[in-house]
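Now for the letters of each chain:
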Amino acid sequence: VQLQASGGGLVQAGGSLRLSCAASGHTLSYEIMGWFRQAPGKEREFVAAVTWRLGTTLYVDSVKDRFTISRDKVQNTVYLQMNSLKAEDTGAYYCASSSLISLSRSLYPDSYQSWGQGTQVTVSS
């Protein structure tokens, strides 16, 4: 699976961005799509995940009620709608795909087999 992330940019605090992650290749091989982020000097952090078949979602507490992950099964694309952005949301955002069928392990980077390149999100305060 090849993943192409896009949609990052510079936005003021309180603003919104929508990230996209287009999948190609063996797209039937994954069950879960996730978004992670990494700020300079910090470890990669789980943000959100969605199951491909049912659309069940999971979020890190810090983005609940602000971010929404969704998928378009026709376009083979996953989205991350980010509202009410804060300075602490700044970082490189990565999408990833996993053959897991359970969300319980979707929080861990080593559960994912394919990664897209990062797209930078910068929130100015």
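Quick caveat, the model's predicted, so the values are computed rather than measured. (Residues numbered from 1 in each chain as written. Predicted model: local features only at pLDDT ≥ 70, side-chain atom pairs only at ≥ 80, totals over all residues. Heavy atoms only, no water.)

A short note on the overall build of the chain
Line of reasoning, step 1. In terms of regular secondary structure, the chain is built from zero helices and 11 strands.
Line of reasoning, step 2. Helices and strands appear in the chain in the N-to-C order β-β-β-β-β-β-β-β-β-β-β.
Line of reasoning, step 3. A compact globule built from 125 residues would reach a C-alpha radius of gyration of about 14 Å, and the chain, at 13 Å, matches this within 12%.
Line of reasoning, step 4. Within the chain, the proportion of its 125 residues that are buried is 43%.
Line of reasoning, step 5. In the chain, the share of contacts with a sequence separation of at least 24, taken over all contacts with a separation of at least 6, comes to 56%.
Line of reasoning, step 6. About 6500 Å² of surface is accessible on the chain, with carbon and sulfur atoms providing 49% of the total.
Line of reasoning, step 7. Charged side chains of the chain number 11 positive and 9 negative; the gap between the two group centres comes to 4 Å. (Helix = DSSP H or I, 4+ residues; strand = E, 2+ residues; numbered from the N terminus. Rg over C-alpha atoms; globule rule 2.2 N^0.38 Å. Buried < 20%, exposed > 50% of the residue type's maximum accessible area, 1.4 Å probe, protein only. Contact = heavy atoms within 4.5 Å. Areas by Shrake-Rupley, 256 points an atom, 1.4 Å probe, with all protein chains shown as cover. Lys, Arg positive; Asp, Glu negative; His and termini not counted. Charge placed at Lys NZ, Arg CZ, Asp CG, Glu CD.)

Considerations on the sheet that holds strand 8 (residues 77-82)
Line of reasoning, step 1. Pairing within the open sheet is antiparallel, and its four strands lie in the order 1-3-8-7. Looking along the sheet, the strands with just one partner apiece sit at the ends: strand 1 (2-6) and strand 7 (67-72). Across this sheet, the average inter-strand angle for adjacent strands is 15°, counted without regard to direction. (Pairing = 2+ DSSP bridges. Axes fitted to C-alpha atoms, helices over the stretch in contact; angles between N-to-C directions.)

Thoughts on the state of the cysteines
Line of reasoning, step 1. Applying the stated criterion across every chain, the model contains one disulfide.
Line of reasoning, step 2. Through a disulfide, Cys21 is tied to Cys95; the S-S separation comes to 2.1 Å. Taking the torsion about the sulfur-sulfur bond, which here is approximately 65°, the covalent link between Cys21 and Cys95 counts as right-handed. With Cys21 in strand 3 (residues 17-24) and Cys95 in strand 9 (residues 91-98), this pair connects stretches of sequence that are 74 residues apart. Exposure class is identical for Cys21 and Cys95. Each is buried. (Disulfide = S-S within 2.5 Å.)

Quick word on the side chain of Arg66
Line of reasoning, step 1. Mapped onto the secondary structure, Arg66 falls in the loop between strand 6 (57-59) and strand 7.
Line of reasoning, step 2. In this structure the side chain of Arg66 is engaged in a polar contact, spanning 2.8 Å, whose partner is the side chain of Asp89.
Line of reasoning, step 3. In this structure, Arg66 is in contact with Gln81, Met82, Asn83, Ser84, Leu85, Lys86 and Asp89, ignoring residues within four places of it in sequence. (Polar contact = N/O pair within 3.5 Å; in protein donor to acceptor, adjacent residues only side chain to side chain.)

A few points about the nonpolar core
Line of reasoning, step 1. Ranked by internal contacts, the top residues of the largest apolar core, which has 26 residues, are Trp35, Leu80, Met82 and Tyr93.
Line of reasoning, step 2. Contributing elements (two or more residues each) for this core: strand 1, strand 3, strand 4 (32-38), strand 5 (45-51), strand 7, strand 8, strand 9 and strand 11 (119-124).
Line of reasoning, step 3. By residue number, the principal contributor to this core is strand 3, which donates four residues.
Line of reasoning, step 4. Core analysis: the next-biggest nonpolar cluster, separate from the first, contains seven residues, Ile32, Ala49, Leu103 and Tyr112 among them. (Core = buried A, V, L, I, M, F, W, Y, C linked by side-chain atoms within 4.5 Å.)

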